[in-house]
Amino acid sequence: METFYHKITVVFLVLIAFVPAWGQEERELGSVSRTYAITNVTIIQSPGRQVDGGTLVIKDGLIKSVGKNIAVPPEAIIIKGDSLFVYAGFIDGLSRVGVVKPREEIREKIKDPGNPPPDRAGISPYVDVRNFLNTADKNIEELRAIGFTTAHVVPYGGMLPGQSAIISLAGKSADDMVLVPVSSLYSELTPNERVYPVTVIGVMAKWRELYRQAVQAKSYEAVYASNRSGLEPPATNRILVSFNPVIDKRIPVLFKAEKFLDIQRVLALQSDLGFSLLAGDIKEGWDATTKLKASGTKVFLSLDLPEDKKKDDKKSEEKKDTITVEKDQLEKRKDEFMAKHVGQAFAYQQAGISFGFATLSVKTRDIQPNLRRMIKAGLTEDQALAALTINSAQLLGLSDRLGSLDPGKIANVIISERPYFHEKSKVKYVFVEGVPYKLDSKDSKKEESKIQLEGDWSLTATTPQGKSESTLNITKTEGKYKGKLSGNQLTETAEVNEIKLEGRKLNFSCLINVQGQQMKITIDATVEGDFFKGTVQVEGADSFPVEGKKVPKLNR
Amino acid sequence: MNMKKLSIALLLISVMYPAVAQNILIKNGTVLTVTKGVLVNTDVLVKDGKISQLGKNITAPTGYRILDASGKFVMPGIIDAHSHEGIDAINEWSTPVTAEVFVGDALNPFQISLYRALAGGVTTIHTMHGSANAIGGQCETIKLRYGVKDPKELIMNGAPRTIKFALGENPTRVHGGGNAIVPRTRMGVEFVMRESFSKAKEYSAAWDTYTKNKTQKGFRGTPPEYNYRLETLAEVLKGNILIHCHSYRADEIYMMLNVCKDFGIKKIVFQHVNEGFKVAPELAAFGAMASVFSDWWAYKFEVYYSTAYNAAILTRNGVTTSINSDDPELMRHLYHEASKTQKYGGLKDEEALALITINPAKQLGIEDRVGSIEVGKEADISIFSAHPLSIYAVPLITIVDGVVRFDREKDPDDMRIYVDPRAEIDMADFTEGHDHDRCMQGAEDMFDTLFRTN
């Protein structure tokens, strides 16, 4: 009883003592002033337009002035930019950053697979991605940390998942993030599992039918609106109506088209129906340049590249038997196609196609290395930068607001140590709509040594069922962290065999037993002193926010 | 060694980017025209992708490539009236009627099976929708221009549109058996056909009325809703899309003939038709055609009553008959398949060859362009080391539209057009593509539901 009482008091004390401190740990800088001046800095206003030792002034979310000999307003918070480089924030042409995947519900079996309800058939063009935006999605922070400030985001789903939006990668609420709502109608050639359409040919046929029905419905609507008397009222159909802005060419269709044949199929639909087309996440499109150009399609190339496995070259004295020769030839062909993948962006540049990039299927940590691979394959740094900034802005119709560092544009700004495409370059600050985000560039080893993991941590996971408390006891042996996880809801204490700490990133997983059910959980968190904050992922299920607080040692 | 490598590289390049039709003189071969007899020691002149001259001692104009066919046999490129190669999707099995889908939307020019078929002397294939539904999707007639990348370049432009229908066990298993949806029986299949055609008739009529009324002054009215499925079926009724109907049993074949009669459909090609020999006179009287296997049966209950004499019996009864593959492996030796009709049925050389050339051409409505060696026809030609109906025959060169697409002497190991740099190197697998019923690809799952194998 005494211990229990003790604990409560401790938790209470901890809360009082540390919650405000946590607030101070937020990395969004204070808002004493909304004016910032980055001084004596190398400014890349847009590819090829560079100002050395210049000043960039940001005021009220916009770029106020940029150049040499710029007066620094007295109220400005000054960031000394000596040896730093400033770029316009990057634009992601197709992604799901910040978009929540709707939970898989257990749904009734469809009796007639030939006539599924449209939403079960992947047909929900009326869905607005804004309903699925989550400002706390950690991908937003990760993508922002490497310089992305804007993204063209799409909902999850099947052949017609819904409407996209262009968002800023920061904001207090979903609406706050949105820059352009309903920017395109998003589509994929993805068939359904067991209901019509189950094949790509079914998807294409259904696409044509829906589009033609929408055209027909729209024209009847117009006839009816002009004179209602004596005419049957048009049926209201939110699926068909969703095509209207596409039919009017007010918005394009954004199609995911990774492979060469996907591109051909999407272009076939486009030429049959005549909509404006954005083709996104192109991965194998080097042979499609002529056709894409002729059709006026706007393209976003995937930032994903096949992994470059370093081969150990054992060419030396090995005997060249027939199998080795044959293998070598096959390897050579793989190399040839690897080069095509890596050289795709350059091929588009050569073909005179203005392109942007898409992060839809790339791991964030691969983006910078992949950009460097593309540059090594022939793309110039300026061309890569253009694809990330002015070209994307232009392709998305945002040139008047984004894409370059010019007065009057939205203050989406990247400040990096060393030029951005340099191997050791690091992004230090990112401004999104004039709000600065400071990023850590401290040596991670130093950080690691400062963190004292050993001891008891109290963990709080926030689940839909409420808060779940547990205690993690961490010990260190032979340089390795281990742990024991216990709590009221855990039937038995769970052993954590290895706790990884890289920089401030904490990661571990263990098997827990809840009411006789075994499940694997994985925790990813960032440590700040005696706290960590992150997510707990339950294998095969959802992930929840989790926080940990170091329990101070008590003197008994 | 280096020179060899260089020549391989050059060869690869030339294979990858062939494009333009060559002008060719095929010298001094035994020309099996199929329609105009056998011409010995005869030259074939190919100009701009067409056969421009046949005769003895033709002098090649300058710039012509000369292929010496002395001691060799020259025949029209083989045509396969039933294949599922060159497409990424075969079966939209989800509903009994899917007339609106079109395999031409999913052409895949990179499938290596297309090159392998070329190596068997094949130049044109009818790549079809599967047989999981009573009324399946539309098919596509393609030429094996292996090496092209744009799927559109595979299409035999101007070839009539075709559509797959299916009778018997496949559509009843998938829908009736798997999902308790009509059709569960052969009667159900007939009902689906008749119902669909009736709906299509009503649909056309409604549009005709609307279009007619619309021109009248002061017209007020609502148009019928656009329906891609019925729109397509209406084209079938108008005769603009040719039916290719998967079938085995005589009773259902006869049923289908009656359905066609009732709806005024004049042209139909039956596929497989294993019991065609029982209704050969009826087929001939209707003018229906038959595309059969040489000797493949017993892979499901409805395919037991079969005979290797089928093609011969149909032929002798005056039915335009072809032998097809329905399979990437069989497709590579259709000339062997045709020759079996000489053992089982004693067909003459010309009749046997017609089964894989001019007859399938007729079934696809392309007999004016391909299927025989005649002046003016497209230069789709195969050159064999011996008579193609001989077991010793080896295909040496295959020409499509005047372009040499296969040459046994220049046949590199790796003919893939696209390579996945991540993939482990493909291992040869002799079981691949030998599943007995490629017609049902993608719909196999539905059997589990039926047979409760899971």
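Check the entry above for the structure.
My aim in this report is to walk through the structure given alongside it, one point at a time.

### Considering the overall build of chain A
Part 1 of the argument: Of the regular secondary structure elements, chain A holds 14 helices and 26 strands.
Part 2 of the argument: For chain A, restricting intrachain contacts to residue pairs at least 6 apart in sequence, the fraction spanning at least 24 positions comes to 62%.
Part 3 of the argument: Carbon and sulfur atoms form 50% of the exposed surface of chain A, whose accessible area is close to 27800 Å².

### Considerations on the sheet that holds strand 24 (residues 517–528) of chain A
All names here are of chain A.
Part 1 of the argument: Pairing is antiparallel around the closed barrel formed by 8 strands, whose spatial order is 19-20-21-22-23-24-25-26. Averaged over all pairs of adjacent strands, the angle between their axes in this sheet comes to 30°, without regard to strand direction.
Part 2 of the argument: Inspection of the sheet shows strand 24 paired to strand 25 (residues 531–538) by 8 bridges, in the antiparallel sense. Counted as the bridge partner of Ala525 is Gly534 from strand 25.

### Some details on the pattern of salt bridges
Opposite charge on two side chains lets them pair, provided their charged atoms get close.
Part 1 of the argument: Tallied over the entire structure, the rule returns 45 salt bridges over all chains.
Part 2 of the argument: The partner of Asp105 of chain B in a salt bridge is Arg208 of chain A, and the shortest N-O contact between them spans 2.8 Å. Within this pair, whereas Asp105 of chain B is found in the loop between strand 6 (78–83) and helix 2 (112–118), its partner Arg208 of chain A is found in helix 4 (residues 200–226), the two belonging to separate chains.
Part 3 of the argument: Among the salt bridges present, the one from Lys291 of chain A reaches Asp150 of chain B, with a minimum N-O distance of 2.9 Å. Separated into two different chains, Lys291 of chain A in helix 8 (residues 289–295) and Asp150 of chain B in the loop between strand 8 (135–143) and strand 9 (161–166) make up a pair that spans both.
Part 4 of the argument: On the basis of relative accessibility, which here comes to 17%, the residue Asp150 of chain B falls in the buried class.
Part 5 of the argument: Residues joined by salt bridges that share partners form a network here, namely Lys143, Arg145, Arg369, Glu378, Asp380 and Asp401 of chain B.

### Some details on the pairing of strand 12 (residues 289–292) of chain B
Residues and elements named next belong to chain B.
Part 1 of the argument: Of the two faces of strand 12, the one lined by Met289 and Ser291 and the one lined by Ala290 and Val292 are each fully buried.
Part 2 of the argument: One ladder, built from 4 bridges, connects strand 11 (residues 268–272) with strand 12; its direction is parallel. Paired with Val269 across the bridge in strand 12 is Met289.
Part 3 of the argument: Note on the crossover from strand 11 through helix 7 (residues 280–286) to strand 12: the handedness is right-handed.
Part 4 of the argument: Summarising the sheet, strand 12 and strand 13 (residues 321–323) pair through 3 bridges and their orientation is parallel. From the neighbouring strand, Val292 faces strand 13, where its bridge partner is Ile323.

### As for the interface of chain B and chain A
Part 1 of the argument: Taken together, the contacts link 56 residues of chain B with 49 residues of chain A.
Part 2 of the argument: Among the residues chain B hides against chain A, the three largest losses belong to Asp105, Arg220 and Tyr418 of chain B. Together they make up 16% of the total.
Part 3 of the argument: Where chain B packs against chain A, one counts 5 salt bridges.
Part 4 of the argument: Listed by contribution, the elements that provide at least two residues to the side of chain B that touches chain A are helix 1 (2–16), helix 5 (228–237) and helix 12 (445–451) of chain B.
Part 5 of the argument: Split into classes, the residues belonging to the side of chain B that touches chain A amount to 27 nonpolar, 11 polar and 18 charged.

### Structural notes on unusual backbone geometry
All names here are of chain A.
Part 1 of the argument: Across the junction of Tyr196 and Pro197, the peptide omega takes the value -5°, indicating a cis bond.
Part 2 of the argument: Tracing the chain through its elements places Pro197 in the loop between strand 11 (185–187) and helix 4.
Part 3 of the argument: Phi is positive for Lys249, which is not a glycine, with a value near 60°.
Part 4 of the argument: Here Lys249 shows up in the loop between helix 6 (244–247) and strand 12 (253–256).

### Thoughts on the side chain of Asp406 of chain A
Residues and elements named next belong to chain A.
Part 1 of the argument: One can find Asp406 in the loop between helix 13 (390–395) and strand 16 (413–417).
Part 2 of the argument: Overall, Asp406 belongs to the buried group, its relative accessible area being 18%.
Part 3 of the argument: Reaching out from Asp406, the side chain makes a polar contact with the side chain of Gln45 at a distance of 3.2 Å.
Part 4 of the argument: With near-sequence residues (within four places) excluded, Asp406 lies in contact with Gln45, Arg49, Ile63 and Val66.

### A few points about the packing of aromatic side chains
Part 1 of the argument: Applying the stated criterion to the full structure yields 35 aromatic pairs over all chains.
Part 2 of the argument: Here Phe260 of chain A and Phe110 of chain B contribute two aromatic rings whose centre-to-centre distance is 5.7 Å and whose plane-to-plane angle is 45°, an arrangement assigned as tilted. Pair noted here: Phe260 of chain A is in helix 7 (residues 260–273) and Phe110 of chain B is in the loop between strand 6 and helix 2, and the two residues belong to different chains. Assigned by exposure class, Phe260 of chain A and Phe110 of chain B land together as buried.
Part 3 of the argument: One aromatic cluster is present, formed by Tyr87, Phe90, Phe148, Tyr420 and Phe421 of chain A through successive ring pairs.
Part 4 of the argument: Geometry around Phe337 of chain A places Lys340 of chain A over its ring, the cationic atom sitting 5.6 Å from the centre.
Part 5 of the argument: Sitting over the ring of Tyr305 of chain B, Lys278 of chain B keeps its end group 3.6 Å from the ring centre.

### Section: the nonpolar core
Part 1 of the argument: Membership of the largest hydrophobic core comes to 182 residues, with the highest contact counts inside it found for Trp207 and Phe357 of chain A together with Met256 of chain B.
Part 2 of the argument: The element that contributes the greatest number of residues to this core is helix 4 of chain A, accounting for 9 residues.
Part 3 of the argument: Sequence-distant contacts of Trp207 of chain A, that is, excluding residues within four places in its chain, are made with Met159, Leu160, Ser187, Phe243, Val253, Phe255, Leu269, Leu273 and Phe275 of chain A.
Part 4 of the argument: Counting 27 residues, the second largest nonpolar core, distinct from the first, contains Tyr481, Cys510, Ile512 and Ala525 of chain A.

### Quick look at the environment of Glu469 of chain A
Residue and element names in this part refer to chain A.
Part 1 of the argument: Locating Glu469 in the fold gives a position in strand 20 (residues 466–477).
Part 2 of the argument: When the C-alpha atoms of Glu469 and Ser486 are compared, they prove to be 9.1 Å apart, with 17 residues separating the residues in sequence.
Part 3 of the argument: Excluding residues that lie within four positions of it along the chain, Glu469 makes contacts with Leu459, Thr460, Gly487 and Asn488.

### Points about helix 5 of chain B
Part 1 of the argument: In terms of burial, helix 5 of chain B is a largely internal element, 7 of the 10 residues being buried.
Part 2 of the argument: On its buried face, helix 5 of chain B sits against helix 4 of chain A together with strand 8, strand 9, helix 4 (186–214) and strand 10 (241–247) of chain B.
Part 3 of the argument: Positive phi appears at Gly239 of chain B, one or two residues downstream of helix 5 of chain B, with a value of about 85°.

### Notes on the sheet that holds strand 10 (residues 178–180) of chain A
Pairing between the strands of a sheet comes from backbone hydrogen bonds, and it takes one of two forms, parallel or antiparallel.
Residue and element names in this part refer to chain A.
Part 1 of the argument: Pairing in this open sheet of 4 strands is mixed, and the strands run 6-7-9-10 from one edge to the other. With partners counted over all chains shown, the strands left at the sheet margins are strand 6 (90–95) and strand 10, one partner each. Taking each pair of neighbouring strands and ignoring which way they run, the sheet shows an average axis angle of 30°.
Part 2 of the argument: Note: strand 7 (residues 148–153) against strand 9 (residues 165–168), 4 bridges, orientation antiparallel.

About the criteria used
Residue numbers run consecutively from 1 along every chain, following the written order of its sequence. Both sets of labels track the order of writing: A upward for chains, 1 upward for ligands. A pLDDT threshold of at least 70 governs which residues receive local features in this predicted model, and a stricter bar of 80 or more applies before side-chain atom pairs are shown or counted, although totals over entire chains, interfaces and linings include all residues. To get the side-chain values, take all heavy atoms of the structure and skip hydrogens and water. Each helix is a run of DSSP H or I of at least 4 residues and each strand a run of E of at least 2, with the numbering of both proceeding from the N terminus. Contacts were defined at the residue level, with two residues in contact if any of their heavy atoms lie within 4.5 Å. To be clear on the numbers: accessible area is Shrake-Rupley with a 1.4 Å probe, and residue cover counts the displayed protein chains and nothing else. For two strands to be treated as a pair, DSSP must find at least two bridges joining them. Lines fitted to C-alpha atoms define the axes, with helix axes restricted to the stretch in contact, and inter-axis angles between N-to-C directions lie between 0 and 180 degrees. Whenever Lys or Arg places a side-chain nitrogen within 4 Å of a carboxyl oxygen from Asp or Glu, that contact is recorded as a salt bridge. Under the scheme applied here, a residue whose accessible area is under 20% of the maximum for its type counts as buried, over 50% as exposed, and between as partly exposed, the area being computed with a 1.4 Å probe on protein chains only. By convention a crossover is right-handed if, when the strands point away from the viewer, the path from the first strand over the helix to the second runs clockwise. Values labelled buried area give the accessible surface lost by two parts on being combined, using a 1.4 Å probe and summing over both. Residue polarity follows a fixed list, in which Ala, Val, Leu, Ile, Met, Phe, Trp, Tyr, Cys and Pro are nonpolar, Asp, Glu, Lys and Arg are charged, and the others, Gly among them, are polar. The term polar contact refers here to a pair of N or O atoms within 3.5 Å; inside protein, the definition further demands a hydrogen-donor-capable atom paired with an acceptor-capable atom, and it admits residues adjacent in sequence only when both atoms are side-chain atoms. Working definition: rings of Phe, Tyr and Trp (its six-membered ring) pair if their centres are within 6.5 Å, and the pair is stacked with planes under 30 degrees apart, edge-to-face with planes over 60 apart, and tilted otherwise. Working rule: Lys NZ or Arg CZ, within 6 Å of ring centre, within 35 degrees of ring normal, means a charge sits over the ring. Only buried residues count toward a nonpolar core, which is a set of Ala, Val, Leu, Ile, Met, Phe, Trp, Tyr and Cys residues joined through side-chain atoms within 4.5 Å.

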